[in-house]
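# Examination of the molecular architecture
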Amino acid sequence: DFIKEVSGFSVLEQQLKEILHVDHVIVVPGNSDELDWVKQEMGKASVNYLKTILKANQTIAVTGGTSMAAVAEVMLPLDQASNCMFVPARGGLGERMENQANTICAEMAKKANGQYRLLHVPDPLSEESYQMIIGEPSVGEILELIRDAHVVIHGIGDALTMAQRRKTSLDNTKKIINGHAVSEAFGYYFDKDGKVVHKVRTVGLQLEDLHQSKCVIAVAGGESKAKAIYSYFKQGKSNVLITDEGAANKLARDI
Ligand code: G3H
């Protein structure tokens, strides 16, 4: 705590709480745009935070992305939260294997000494297949676990960066650009006011499922994500932000 005071992060954390209207903020040193290990520091802060809130037999829904992959990389046994269950928050969003929620969720569970369940659904789903898949009893069972998750941990991306990284069709890319999307989380794209301008059609967690009773933790850093973080928090569905100095300074100064 002494080091925190000296480096001034507690002031920055307080500022961010007010700017973003979020209950709890953790800032780690560095800028993950420039240094890769800063993502791992955010990962460690996330694991430490999970250790303080998770209880035995709880379910944690996890999204994809490199920030979540960094959390999985540094995950440790969650001994105080025995028999925890990790589930992917949503089905595939067009990410490569190492960035998929399924992959990350299995790795987290293994390192945390927990259980996991996966969602085997192809991504970009047609309306017809979507209806068929959610009707499958085996899928329904996992969807229920996801909806009832006690904790959700997710990344936030810059909208265009995410649209490009995923197999986004031309039509949907146009929707994202014409809707002036700024941020992305859970496969939802938000404009500067936090309005949803596009949503990837897949099964799993929907924005409406993020009730106040859940603990919803966003992990996102890097100066380049400041605008995206601000846009995402406009609709205020998450109550914790774990970020880095790069994003935090930009948010506190320029937005
Ligand atoms: O789902 C992906 C996130 O929104 C952002 O991904 O952590 O790789 O930047 P990232």
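Calculation criteria
Along each chain, residue indices are assigned from 1 in the same order as the chain's sequence is written. This being a predicted model, a pLDDT of at least 70 is required before a residue's local features are given, and a value of 80 or more before pairs of side-chain atoms are given or counted; all residues contribute to the totals for chains, interfaces and linings. Values shown for side chains rest on all heavy atoms present in the structure; no hydrogens or waters enter the calculation. Think of it this way: any DSSP run of H or I at least four residues long counts as a helix, any run of E at least two long counts as a strand, and we number them from the N terminus. Contact criterion: two residues are considered in contact whenever any of their non-hydrogen atoms come within 4.5 Å of each other. Only protein chains enter the accessibility calculation, which uses a 1.4 Å probe; a residue is then buried when its area is under 20% of its type maximum, exposed when over 50%, and partly exposed in between. Identification of polar contacts relies on pairs of N or O atoms within 3.5 Å, with a donor-acceptor requirement for protein atoms, meaning one able to donate a hydrogen and the other able to accept it, and with residues adjacent in sequence counted only if both atoms are side-chain atoms. Given the number of residues in a helix, its expected span is that number minus one, multiplied by 1.5 Å.

### Structural notes on the environment of Lys214
Tracing the sequence through the fold places Lys214 in the loop between strand E9 (196–199) and strand E10 (215–219). In this structure the C-alpha to C-alpha distance between Lys214 and Lys237, which are 23 residues apart in sequence, comes to 9.7 Å. Ignoring sequence-local partners within four residues, the contact set of Lys214 consists of Ile146, Arg147, Asp148, Ala149, His150, Val152, Asp209 and Asn239.

### Topic: the side chain of Thr63
Within the secondary structure, Thr63 is located in the loop between strand E2 (59–62) and helix H4 (66–73). We classify Thr63 as buried; its relative accessible area is 9%. A polar atom in the side chain of Thr63 sits 3.2 Å from the backbone nitrogen of Gly155. For Thr63, the residues in contact, after removing those within four places along its chain, are Met68, Ala89, Ala101, Ile104, Ile153, His154, Gly155 and Phe186.

### Details of helix H5 (residues 101–112)
Here H5 contains twelve residues, and its C-alpha end-to-end distance of 16 Å stays within 8% of the 16 Å for a straight helix at 1.5 Å per residue. Every buried residue of H5 is accounted for by Ala101, Asn102, Ile104, Cys105, Ala106, Met108, Ala109 and Ala112. Buried positions along H5 lie against E2, H4, strand E3 (85–88) and strand E4 (115–116). Taken from the residues just after H5, Asn113 is the one with a positive phi, measuring 65°.

### Digging into the environment of Ala252
Mapped onto the elements, Ala252 comes out in helix H11 (residues 245–254). Ala252 gets classed as partly exposed once you look at its relative accessible area, which sits at 23%. Between the C-alpha atoms of Ala252 and Gln15, which are 237 residues apart in sequence, the distance is 6.7 Å. For Ala252, the contacting residues outside a window of four places in its chain are Leu12, Gln15, Leu16 and Ile19.

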